Structure formats: C-alpha cells, structure tokens
Amino acid sequence: MASNMDREMILADFQACTGIENIDEAITLLEQNNWDLVAAINGVIPQENGILQSDYGGETIPGPAFDPANRPAPAPPSSSSSAFRPVMPSRQIVERQPRMLDFRVEYRDRNVDVVLEDSCTVGEIKQILENELQIPVSKMLLKGWKTGDVEDSTVLKSLHLPKNNSLYVLTPDLPPPSSSSHAGALQESLNQNFMLIITHREVQREYNLNFSGSSTIQEVKRNVYDLTSIPVRHQLWEGWPTTATDDSMCLAESGLSYPCHRLTVGRRSSPAQTREQSEEQSTDVHMVSDSDGDDFEDASEFGVDDGEVFGMASSALRKSPMMPENAENEEEALLQFAAEFSSRYGDCHPVFFIGSLEAAFQEAFYVKARDRKLLAIYLHHDESVLTNVFCSQMLCAESIVSYLSQNFITWAWDLTKDANRARFLTMCNRHFGSVVAQTIRTQKTDQFPLFLIIMGKRSSNEVLNVIQGNTTVDELMMRLMAAMEIFTAQQQEDIKDEREAHEREMAEQFRLEQIRKEQEEEREAIRLSLEQALPPEPKEENAEPVSKLRIRTPSGEFLERRFLASNKLQIVFDFVASKGFPWDEFKLLSTFPRRDVTQLDPNKSLLEVKLFPQETLFLEAKE
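Only a predicted model underlies this, so the values are computations on that prediction, with no experimental measurement involved. (Residues numbered from 1 in each chain as written. Predicted model: local features only at pLDDT ≥ 70, side-chain atom pairs only at ≥ 80, totals over all residues. Heavy atoms only, no water.)

## A look at the overall build of the protein chain
A count of helical and extended segments in the protein chain gives 17 helices and 22 strands. Taken across its 623 residues, the protein chain has 40% of its residues classed as buried. Long-range pairs, those at least 24 residues apart, make up 63% of the contacts in the protein chain with a sequence separation of at least 6. Counting every atom, the protein chain has about 35100 Å² of accessible surface; 49% of that belongs to carbon and sulfur. (Helix = DSSP H or I, 4+ residues; strand = E, 2+ residues; numbered from the N terminus. Buried < 20%, exposed > 50% of the residue type's maximum accessible area, 1.4 Å probe, protein only. Contact = heavy atoms within 4.5 Å. Areas by Shrake-Rupley, 256 points an atom, 1.4 Å probe, with all protein chains shown as cover.)

Here it is, written out as structure tokens:
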C-alpha cells in the first residue's frame, strides 16, 4: 500500500494528467483503482485515445503500453512539478470520456432522480425537472450547488461535481399547493425541519441552522443572539415572509420556504448611535464597563474584533467554554458548542446535529434502510494539546467536512468539565455498553479529541472505530472510508431484508384478503340458498293461523314477516340468516318473558314455542 508521501505524489501526477482539479473527485477515482496511477488515468482517458508522455524523456507513449517500470532513462527534469503531463499532438486530440452524474432533486414532498453526462448543462437538468414536476423553467430556482448559484448555461463538468449530488427546487413565485385539510398540512409542516441560512451582515458570516417546524420565531432570534451577540431587541432582519407578523408564531405557519430559507440579520442603530459613531470608534474599549449590562452586550460596536483583541488570537482569549458546565439541556448545550466552534475555528466545519444523542440515533438509524447514515460522535477536550491542531487542520479540512456531511450524522460533546464528562459516560454506558464507556473513561487527556464511528444494527449500536486526535487528514479520511465500506455492505443487506419483509407482508395481506373474500362468497352462497328455500310468505287472511313476527336488528332496523303458525322454528332461523344474521353468530331473544329463542327446539312449531299470533324479537351478537 502506498505511503502518505507516495499518495500525495500520485494525486499530483493524476491531477496533472487528467486535468481534474477537484481533489475529492480525484481521490475517489484513485481509491476505485487502489491508487494505481496508470489504471486510474486509463479509466479517465480511454486507452484508444489516451496518450501519456514521460517528463523524463521526449518519447510519446500510448496509453495501453505505458509502464512506469520500463520508462526510458531520465533526462534532466522539466520545470513541471508533476511526473507526467497530457500530450496534445497536432493530429490527435486526447478526449476524456464523459462522466455520468447522479442528482437527487427534492421539491416539497417529492424526490426526482436525474442522471446526466457531465457535458450537459444546468439548463438541461431544469428541462427534465419541468417534465417531471410540471413547473415552468422560468419559475424554478435550482439550489444546493456547492459553488453557489449557477447559470443555466453552466456546463456540469466545469463545476467539478462528485458522482452523487443532492439539489432542491424553490418556487417562490408559485402559490403553495392547496390541501383538502389545512390542519393535516400544518401538522405535517410541524414535523418537518427547516434549514435557515442566516447571514450576519456586519461580519459577512453565514450560519446554517436547523429548526423544527414547531420552533417559534422568538426561539430563532434567541439562538441568533447566542451566535452573534446581537440582543433580540437590537436585531434588524431581512427575509422574513410578510405573514410572519408575530414572534410567537411557529415556523411551520410563518410562510418560510421549505426546506431552505435565507435570512439576513444586522444590528439596529439608534439615531444617537449614528451621530456618535466616529466618537465611539476612538473611545477606549474599557469605557464599556461604565454602561449597564444591556449596553455591554453591544461592545462589538466599539470596533473590537471577535478574533483579535490587542493582537491576541481568539484561541488565547476564549470568552466561554465550548459547553456550559453541568449541561442539562442537550439542545441548548450543542447550540453553544456549534457557535463557539465556529468562533474559534471558522465556518468550514462539520454540521453538528443539534439535539439529544437519542434524537441523533433516530436521524441516523431509525429510518428506511436506504436513508440510513453512520453516526460520528466528536468528543472535545479543551485541555488536550492536540485539540487545536485536530480541529483546525483535520476536522475543518474541506475534504473531511464534505465527506462527513454526505455520509454521516455528526454529534458532539465537550468532556472538559467533569460534570459533562460524567453525563456522557452515563449516556455511553446506556447506549453502547460498559466496555466502550470504560475505553473512553481510561483515555488520557492528551489522547483527546476522540472520534467515535457508530453503526446502527438491528438490535444494538456498534462502535466501528475510535479515532484519537494524533492523526493526519489522510489517515482520518482512510478510516472514515473504511467505516463507510463496512456500513455500505450492511446497508445493502438491510435494504434487501427490508424489501423481502415488505414482500412477505404484502403476500400475507393478499392471502388474508383472499381468505376473507372466499368466506364472504361462501356466506353469500349460503344466504342465497336459504332465501330460495324459504316457503312463500302467507297472506294476512289465510285459512290457516298466521303468526306475525317483528325482529329488531343490532343496527336498530326491523325485519317483518308472516309465518304459518304450523311452520317450524327453523324456518324463522333460516329467514334471519338469509338477511345476513346466521344463527351461529347471532341469538334471537324475546322480551316478555326474556328468553333465548335460539336455544329452543328448531323442529317445534311457532305455535308450540308460543310465537303466536304475533311477537317482537331482537337480534344480539353472540360473544
């Protein structure tokens, strides 16, 4: 296996040969070929068209015949930093096979899968979506591009996209779909999560915050205060829908765009502050201590930068810990953790799940098999010498952030304080068992931070890997990818089992439905045969004595019929069964005196059982 240094050289050679600038894409292609440079190049540049030239000699080498072991003796190296470069002969053009890109596009409650060559344009994706979603291209905003908004004429190849991509469609000019049940639609929105992309105007910093539909506008503003230090009463917002008129309104009914909505927040300035702004900028920072507590929240107006005070880095003057001591509310604690992490290490970091560990399990594991993800638990410790390096260079590396966001749910906890450490060990013991809890308990401070990779299984949660802080970006990426290989194999089995279970359930439902239909057909056949076998109803004036019976059904309706007094009781039973009340399921009762007529001898006549000249009976289901 190639060493880290060899891999860096292979990666540089591969990018130089193929022209692929996206590092993640290049690493993925090399991984697929086990870091075999020639195989990876020939996979991107077809052998019949590909021509490679060694920098060590002037000889042109066709792709299939290229062998690094047999290349000519090296000439003086060129100024290029790459060992190989693509050659473009005057009569032969090196063409790159188009890549197939997969897009999953979300619009409201629908998902559309689109597969295109990377030579296609963004506009062609929109044309496909126009047919699938019945939305005009002119009304459609296609969002989710990592490079920001793109033009319809942009060629996909120029965006350097990975193979699998997730996008979403916004239609701000179209009214929301009508619903037959507004209450049902509102309830569905309350259960949805809204992604609020909030830009802090003064510092041009962007926050991506997840909130449930049941959260209120006031809760959003309080969380923004925690992130920006702008008190709620001083916040000046742009982007709220016109229907969002009350801070007590929940997000589901505020008219926000789903699943993503952009907002901008800044600090509201009073007229007095505007007139005195130049004086405030020259005022010594210590003067803020003379103000009341509310004004002290606005200390940033005096020109003090969050990242540097008197030339000292923010990591040297941390205003607050990553997490409050003895944190009881996990959601609030993690909001502070995410805000403090951004303050220290910048905005390029994993998206930390805001919620309890149990909620993170639900998000990662307890969904359909195809939607499951691995759970990464980041354990922070401020007193470890490795923490700053791990966070700034490994955890915030763009490749790591991208890979985690696509394949993992990332949850974090701060073990710096003893109370928080004890709380996590209790959670760990409950969810992963005493062995894992003991492993974390025995870790020395300078072995932190830790990265736990968790995979949900049918009956338990399995810890696949415990990664310590003394690692490199390449090693961290390799261990994450190794965990993904194990997870992907398990996921495919789970998808198969889920599909087979669904098929068995459908087969069982079909079988039961068939049995039910057969039973109904059999009962209907019996009912018809009894109805046809009944003797004709005698007239009221008849030479023989006639008995008139009135029978009340369980639904309150009455069945009325005349019988000869000499008719056997069985004929009454057959008449009732022909109306859908078989005597083995229902009993026939008389009122005065109360007796169960179905217990009498069915061969006796109505006269003998005293159901003459008239009687009112009622039907009751047997237990």
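## What about the environment of Asn210?
Turning to its location among the elements, Asn210 is positioned in strand 9 (residues 205-212). Sequence separation between Asn210 and Pro259 is 49 residues, and the spatial gap between their C-alpha atoms is 9.9 Å. If sequence neighbours within four positions are ignored, Asn210 has contacts with Phe194 and Met195.

## As for a negative patch on the surface
Together, Glu219, Asp226, Glu331 and Glu332 make up a negatively charged patch on the protein surface. Looking at the element boundaries, Glu331 is found in helix 10 (residues 330-345). (Patch = residues over 30% accessible without salt bridge, like charges linked within 9 Å, V, L, I, M, F, W, Y side chains within 5 Å. Salt bridge = Lys/Arg side-chain N within 4 Å of Asp/Glu carboxyl O. Lys, Arg positive; Asp, Glu negative; His and termini not counted. Charge placed at Lys NZ, Arg CZ, Asp CG, Glu CD.)

## Let's talk about the nonpolar core
Counting 60 residues, the largest nonpolar core has Phe341, Leu375, Ile377, Leu379, Trp411, Phe424 and Phe451 as its most contacted members. A total of seven residues in this core trace back to one element, the largest contributor, which is helix 16 (residues 473-533). Ignoring anything within four residues of it in the chain, the contact list for Phe341 reads Met322, Gly346, His349, Phe352, Tyr378, Cys391, Leu395 and Cys396. (Core = buried A, V, L, I, M, F, W, Y, C linked by side-chain atoms within 4.5 Å.)

## Examining the packing of aromatic side chains
By the definition in use, this model includes 21 aromatic pairs. Here the aromatic residues Phe337, Phe341, Tyr345, Phe352, Tyr378, Phe390 and Phe451 are joined through ring pairs into a cluster of three or more. One Lys or Arg, Arg550, reaches over the ring of Phe558 and ends 3.9 Å from the middle of that ring. Its end group placed over the ring of Phe563, Arg561 keeps NZ or CZ at 4.9 Å from the ring centre. (Phe/Tyr/Trp six-rings, centres within 6.5 Å; stacked < 30°, edge-to-face > 60°. Lys NZ or Arg CZ within 6 Å of the ring centre and 35° of its normal.)

## Quick look at empty space enclosed by the protein
Scanning the entire structure with this criterion turns up one cavity of 30 Å³ or more. Of the volumes computed, that of the largest cavity is approximately 30 Å³. Taken together, Phe573, Val576, Phe581, Trp583, Phe586, Leu588, Thr598 and Leu619 make up the full set of residues lining the largest cavity. Those elements that provide at least two residues to the lining of the largest cavity are helix 17 (569-578) and strand 20 (586-590). For the lining of the largest cavity, the per-class residue count stands at seven nonpolar, one polar and no charged. (1 Å grid on protein atoms, 1.4 Å probe; cavity = no way out; pocket = protein on both sides within 12 Å on 5 of 7 lines; lining within 4 Å. Points joined across faces, edges and corners; volume = space filled by probe spheres on them. Nonpolar A, V, L, I, M, F, W, Y, C, P; charged D, E, K, R; others polar.)

## Quick look at the packing of helix 13 (residues 398-407) against helix 16
For the pair helix 13 and helix 16, the least separation of the axes is 10 Å and the interaxial angle reads 15°. Between helix 13 and helix 16, the angle falls in the class roughly parallel. When the axes of helix 13 and helix 16 are compared, the crossing they make is left-handed. Contact residues: Ser399, Ile400, Tyr403, Leu404 and Asn407 in helix 13; Val473, Leu476, Met477, Leu480, Met481 and Met484 in helix 16. (Axes fitted to C-alpha atoms, helices over the stretch in contact; angles between N-to-C directions. Parallel < 35°, antiparallel > 145°, perpendicular 65-115°, else oblique. Left-handed = near helix turned anticlockwise from the far one by under 90°.)

## Looking at helix 4 (residues 122-133)
In this model helix 4 runs 16 Å from its N-terminal to its C-terminal C-alpha over twelve residues, within 8% of the 16 Å that 1.5 Å per residue would give. Every buried residue of helix 4 is listed here: Val122, Gly123, Ile125, Lys126, Leu129 and Leu133. Looking down the long axis of helix 4, one finds its buried residues gathered within 150° of arc, a one-sided arrangement. Contact partners of the buried residues in helix 4: strand 4 (100-107), strand 5 (110-117), strand 6 (141-143) and strand 7 (164-170). Remark: Gln134 follows helix 4 within two positions and exhibits a positive phi of approximately 60°. (Expected span 1.5 Å × (residues − 1). Arc of directions from axis to C-beta.)

## Describing the packing of helix 11 (residues 357-364) against helix 14 (residues 418-432)
For the pair helix 11 and helix 14, the least separation of the axes is 11 Å and the interaxial angle reads 40°. One finds that helix 11 runs oblique with respect to helix 14. In contact with Leu357, Glu358 and Phe361 of helix 11, helix 14 contributes Met427, Arg430, His431 and Phe432. Partitioned by chemical class, the residues of the contact of helix 11 with helix 14 number four nonpolar, one polar and two charged.

## Side note on the sheet that holds strand 20
Ordered in space as 19-18-22-20-21, the five strands form an open sheet in which the pairing is mixed. In the strand order of this sheet, the two ends are held by strand 19 (558-564) and strand 21 (595-596), each with one partner. Note: strand 18 (residues 546-552) against strand 19, seven bridges, orientation antiparallel. Looking at strand 19, one finds that Val546 is bridged to Leu564. (Pairing = 2+ DSSP bridges.)

## Some points on the side chain of His200
Secondary-structure assignment places His200 in strand 8 (residues 193-200). Contact partners of His200, with chain neighbours within four places excluded, come to Arg205, Tyr207, Thr228, Ile230 and Val265.

## Considerations on unusual backbone geometry
Here the residue pair Phe448 and Pro449 is connected by a cis peptide bond, since its omega of 0° sits within 30 degrees of zero. One can find Pro449 in the loop between helix 15 (434-441) and strand 16 (450-456). Following Phe612, the chain continues to Pro613 via a peptide bond in cis, the omega torsion being 0°. Along the chain, Pro613 falls in the loop between strand 21 and strand 22 (614-621).

## A word on the side chain of Thr154
Following the sequence through the fold, Thr154 ends up in the loop between strand 6 and strand 7. A distance of 3.0 Å separates a polar side-chain atom of Thr154 from the backbone oxygen of Glu151. The contacts of Thr154, once residues within four sequence positions are left out, are Cys120, Thr121, Val122 and Leu159. (Polar contact = N/O pair within 3.5 Å; in protein donor to acceptor, adjacent residues only side chain to side chain.)

## Re the sheet that holds strand 17 (residues 461-468)
The four strands lie next to each other as 15-14-16-17, forming an open sheet whose pairing is mixed. The open sheet has two edge strands, strand 15 (408-414) and strand 17, and neither has a second partner. The mean inter-strand angle of the sheet, taken between neighbouring strand axes irrespective of direction, is 20°. Bridging between strand 14 (residues 374-380) and strand 16 involves five bridges; their strand directions are antiparallel. Of the residues in strand 16, the one forming a bridge with Tyr378 is Phe451.

## What about the environment of Val105?
Within the fold, Val105 resides in strand 4. Assessed through its relative accessible area of 1%, Val105 is described here as buried. Discounting chain neighbours no more than four positions away, the residues touching Val105 are Arg110, Asn111, Val112, Leu129, Leu142, Leu167, Tyr168 and Val169.

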